[in-house]
Amino acid sequence: MISYNPKDWITFIFRFHKADTFRKLLPLMLLIGIYSGLVAYLEIEYWDLPDDSHVKNISMMHGMLGFVISLLLVFRTNTAYDRWWEGRKLWGSLVNNSRNLALKLHAILKEEKDLAFFRKMIPSYASILNKHLKDEETGKQLSEEITIAINHHTHRPNQVAKMMFLKINDLYESKKITGDQLIILNNELQSFTDICGACERIKNTPIPYSYSVFLKKFIFFYVMTLPFGYVFNLGYYVIPVVVFIFYVLASLELIAEEIEEPFGHDDNDLPTRKIAENIKRHVEELI
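No experiment lies behind these values; they were computed from the predicted model shown.

Conventions and cut-offs
- Residues numbered from 1 in each chain as written.
- Predicted model: local features only at pLDDT ≥ 70, side-chain atom pairs only at ≥ 80, totals over all residues.
- Heavy atoms only, no water.
- Core = buried A, V, L, I, M, F, W, Y, C linked by side-chain atoms within 4.5 Å.
- Buried < 20%, exposed > 50% of the residue type's maximum accessible area, 1.4 Å probe, protein only.
- Helix = DSSP H or I, 4+ residues; strand = E, 2+ residues; numbered from the N terminus.
- Contact = heavy atoms within 4.5 Å.
- Axes fitted to C-alpha atoms, helices over the stretch in contact; angles between N-to-C directions.
- Parallel < 35°, antiparallel > 145°, perpendicular 65-115°, else oblique.
- Left-handed = near helix turned anticlockwise from the far one by under 90°.
- Nonpolar A, V, L, I, M, F, W, Y, C, P; charged D, E, K, R; others polar.
- Salt bridge = Lys/Arg side-chain N within 4 Å of Asp/Glu carboxyl O.

Engineer: In this structure, what is going on with the nonpolar core? I would like to understand it.
Structural biologist: Core analysis: the largest hydrophobic core is formed by 44 residues, its most contacted members being W91, L94, F118, I122, Y125 and M164. Among the secondary structure elements, those contributing two or more residues to this core are helix 3 (58-108), helix 4 (112-133), helix 5 (156-173), helix 6 (179-204), helix 8 (238-259) and helix 9 (272-286). Apart from the residues lying within four places of it in its own chain, the contact partners of F118 are L105, L109, P123, M164, K167, I168, L171, V283 and I287. Counting residues in each nonpolar core, the second largest holds 21 residues, with L215, M224, V238 and V242 among its members.

As structure tokens, then:
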């Protein structure tokens, strides 16, 4: 995730980073500029259309459809941002639940061996969840004392959660914690799995294919018809105007595509690895 100062306007205007939509759209913008120039040349020099040509009325269509495409893009970006923000709230809950579990275990457990187990396992859940959501491989050695047989064909966060549940049950059977304490700790551990399931719901449920395809086609054909109507008013200046309109519309779609999957490796995705590292540091301070 990119860290920045939201008040530094000058840097925003003149800085181009690798995730900037201008870099990604530059080849298409060049092609659309060439296309617009060709249409302008044909209408002005070759076809020599009169001012009362019906082709001039194509711009009326753009006026009517401009409102529709703006509504679609607003809905698209809002939906994508909702997914990004929900993912951030879920990882914020994971931070809080990890701290709460560490605080309760520190107050309840007395033996260092038991505390050391959770000192390793609680941060390990966040770390493995991060890799699970990014589809990265996970090593089986969590620490020198704790080894987990990671099967990459099974659910890896569930394996870590299962070990913590088994440990809590062993503590209860050995009378190290009471039944009331078992219930309290069970609620905290259950929240881990709930957060994991909610993150997987975001990751595995993309925007419906038909909607995404329709919006891309709409933007493409909308921009492709722009030069025909506006050549009469703008002449060859239609080239930069059409390119700029395409840049704005396509950039909104690209931004939505990037943030709708918040657990990947893009620059604007959530810093889940950093959050997992913070959980590790906080848990080690508390236990």
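Following the structure, the description resumes.
Engineer: Is there a simple way to think about the packing of helix 3 against helix 8 in this case?
Structural biologist: Between two packed helices, what matters for the description is the angle formed by their axes and the separation of those axes. Where helix 3 meets helix 8, the axes come as close as 8 Å, and the angle between the chain directions of the two elements is 20°. Between helix 3 and helix 8, the angle is such that the two are roughly parallel. At the point where helix 3 passes helix 8, the crossing takes the left-handed sense. Across the interface between the two elements, I69, L73, R76, T77, A80, Y81 and W84 of helix 3 pack against L249, L252, E253, A256, E257 and I259 of helix 8. In terms of residue class, the contact of helix 3 with helix 8 is made up of nine nonpolar, one polar and three charged.

Engineer: I would appreciate a short explanation of the pattern of salt bridges in the present structure.
Structural biologist: In a structure, side chains of opposite charge can pair up when their charged atoms sit close to one another. Within the structure shown, the criterion is met by 14 salt bridges. For K203, the salt bridge goes to D135, with nearest N and O atoms at 3.1 Å. Of the two residues, K203 sits in helix 6 while D135 sits in the loop between helix 4 and helix 5, which places them 68 residues apart along the sequence. A relative accessible area of 21% means that K203 is categorised as partly exposed. The class of D135 is exposed, set by a relative accessible area of 58%. Taking the shortest distance from any N to any O, the salt bridge between K216 and E257 comes out at 2.5 Å. With K216 in helix 7 (residues 209-234) and E257 in helix 8, this pair connects stretches of sequence that are 41 residues apart. The exposure class of K216 is partly exposed, given its relative accessible area of 36%. Of the residues examined, E257 reaches a relative accessible area of 28% and is grouped as partly exposed.

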